[in-house]
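One letter stands for each residue in the lines below.
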Amino acid sequence: MSETAISSQGLTKIYPQVRAVDGLNLNVPRGAVYGFLGRNGAGKTTTIKTLLGLARPSGGTAQVLGLDIRVGHLAILERTGFVSETKVLFESLTPAQLIRFNRGYFPKWSDALAERYLKLFEIPRDRTFGKLSLGNRTKVCHLLALCQGAELLILDEPTSGLDPVMTDLLMRILIEDHVNEGTTVFFCSHHLSEVEKIADWIGIIEAGKLLLETRLEEIRQNFRLITVSGDALPVMAAPNLVSQRRAERFHRFLVSHEAEEFAARLRGQGATVLEISPVNLGEVFLGLAGKELPCMPGSVGATHATA
Amino acid sequence: MLLHVNTSSGVPVYLQIEAQVKHAVAAGALKQGDALLSVRKLAAELRVNPNTVARAYQNLEREGVIRTVPGGGTYVADNQPGLLKSEKLRRLRPLARQLAVESTQLRLSAEDVARLLEEELDGLGGRR
């Protein structure tokens, strides 16, 4: 059995107007809870579609659960629970009928879990899907994905449309019934505080390129924001520099490791180091995908090798 | 044991878990030999990654606050066995330094600080 749940090498998907996915090298270890982050239109959903064989790659290769996506997509779909961003199913079927329809496709389907989730999620069993609220549709989509005995869950915006109580419940179920049992979870979310709690790996994608892939622990341990003041500092370049921003005499550098050494270099150039502080995921995300000056995207991708 | 985590506080979740367990032990809410939730159960309870809880438990065990019986659960340990007094003081020094800095900043006297500390120690009750 391969050690990675998802890996890709130079995965590319070109639509007529846009390079939606542009040379992506993903590595999602087995058993990880991997938060796949990016702004709207960054390429998250296209990446997922390509990995699941729902869109044909224009270039590169990828393996999901050890299976090549170009030839293995039926086997991949059997072993992967997928909740799409749109949460669309057959409008005229009820949740009870959808369950009966789906269970036949999955040898490891669990009726016990289906019953448990119908109750916990308070899903009306006999109202047709088309007449369900957005929240209830989302819950039905999750139920179907979570009951199929999948080794990998791919969840695109899992909590969009869920109220805070149901969001909390979904998180509990994911950890209790799935993460604790070794299931790999790969999910997209804009709720960074949610990601920070549940994930242990993150990847940040922007314009189809992976800007950062690292253990969350690495960010806590080694990523630092260095704030300095000083006139006429040269533009810095270093492999551990993730992003930098300048405002008049003040400069702020986000570094992925060896913050002390970096600060010493700045001092050597006449800067006064005001603060070296730990960062949270939100600050890293804004530093990379936000409007700050990102420097040398790609170079920071090397950080995960040290994790 | 009712732990809670706050992701917007900026304090890493594993440190929050460690601090709350230590507080519960110091205040006598958790006593020697009391069982803690398993890593998996506490992770589900707090909706956090199991690795985060495992990390907090490892640190607490290394510091002698809890002990893990292989295959048999996690318990509050006997009171800091074998730890030298100099080592205990060494661990506390960064907090003492911060207290000194903040109280100087606020122009509080050494007596004020000592009284404050006394009150907090009394507040924990059980230790006297």
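Residues numbered from 1 in each chain as written. Chains lettered and ligands numbered in written order. Predicted model: local features only at pLDDT ≥ 70, side-chain atom pairs only at ≥ 80, totals over all residues.

All right, on to the pairing of strand β2 (residues 66-69) of chain B then. All names here are of chain B. Strand direction decides the pairing type here: β2 and strand β3 (residues 73-76), joined by four bridges, are antiparallel. Its bridge partner being in β3, Ile66 is matched across the sheet by Val76. Where β2 folds back onto β3 in an antiparallel hairpin, the turn is made up of three residues, including Gly71, whose phi is positive at roughly 75°. (Pairing = 2+ DSSP bridges. Helix = DSSP H or I, 4+ residues; strand = E, 2+ residues; numbered from the N terminus.)

Formed by 102 residues in total, the largest nonpolar core has its most connected members in Tyr34, Leu143, Val185, Phe186 and Ile204 of chain A. Apart from residues no more than four positions distant in its own chain, Phe186 of chain A is found in contact with Ile6, Val28, Tyr34, Phe36, Leu152 and Ile154 of chain A. (Core = buried A, V, L, I, M, F, W, Y, C linked by C-beta atoms within 7 Å. Buried ≥ 20, exposed ≤ 12 C-beta atoms within 10 Å, placed from the backbone. Contact = placed C-beta atoms within 7 Å.)

What follows covers the interface of chain B and chain A. How big an interface is tends to be expressed through the accessible area that disappears when the partners come together. Between chain B and chain A, the contact holds 13 residues from the first and 16 residues from the second. Those elements giving two or more residues to the side of chain B that touches chain A turn out to be α2 (39-46) and α3 (50-62) of chain B. Ranked by residue count, the leading element in the side of chain B that touches chain A is α2 of chain B, at three residues. Grouping the amino acids of the side of chain B that touches chain A by side-chain chemistry returns six nonpolar, five polar and two charged. (Nonpolar A, V, L, I, M, F, W, Y, C, P; charged D, E, K, R; others polar.)

Our focus in this paragraph is the domain arrangement of chain B. Examined at the domain level, chain B breaks down into domain 1 (7-76) and domain 2 (85-123). When each unit is reduced to the centre of its C-alpha atoms, the spacing between domain 1 of chain B and domain 2 of chain B is 26 Å. (Domains from an automatic or database assignment.)

On to the environment of Leu286 of chain A, then. Summarising the element assignment, Leu286 of chain A is placed in helix α10 (residues 281-289). By C-beta crowding, Leu286 of chain A is classed as partly exposed, having 16 other C-beta atoms within 10 Å.

Turning our attention to the domain arrangement of chain A. Residue and element names in this part refer to chain A. Per the domain assignment, the segments making up chain A are domain 1 (4-207) and domain 2 (216-306). A straight line from the C-alpha centre of domain 1 to that of domain 2 covers 33 Å. Those elements that place two or more of their residues in the side of domain 1 that touches domain 2 are β4 (33-38), α7 (192-198) and β10 (201-206). Among the elements that make up the side of domain 1 that touches domain 2, the one with the highest residue count is β10 (four residues).

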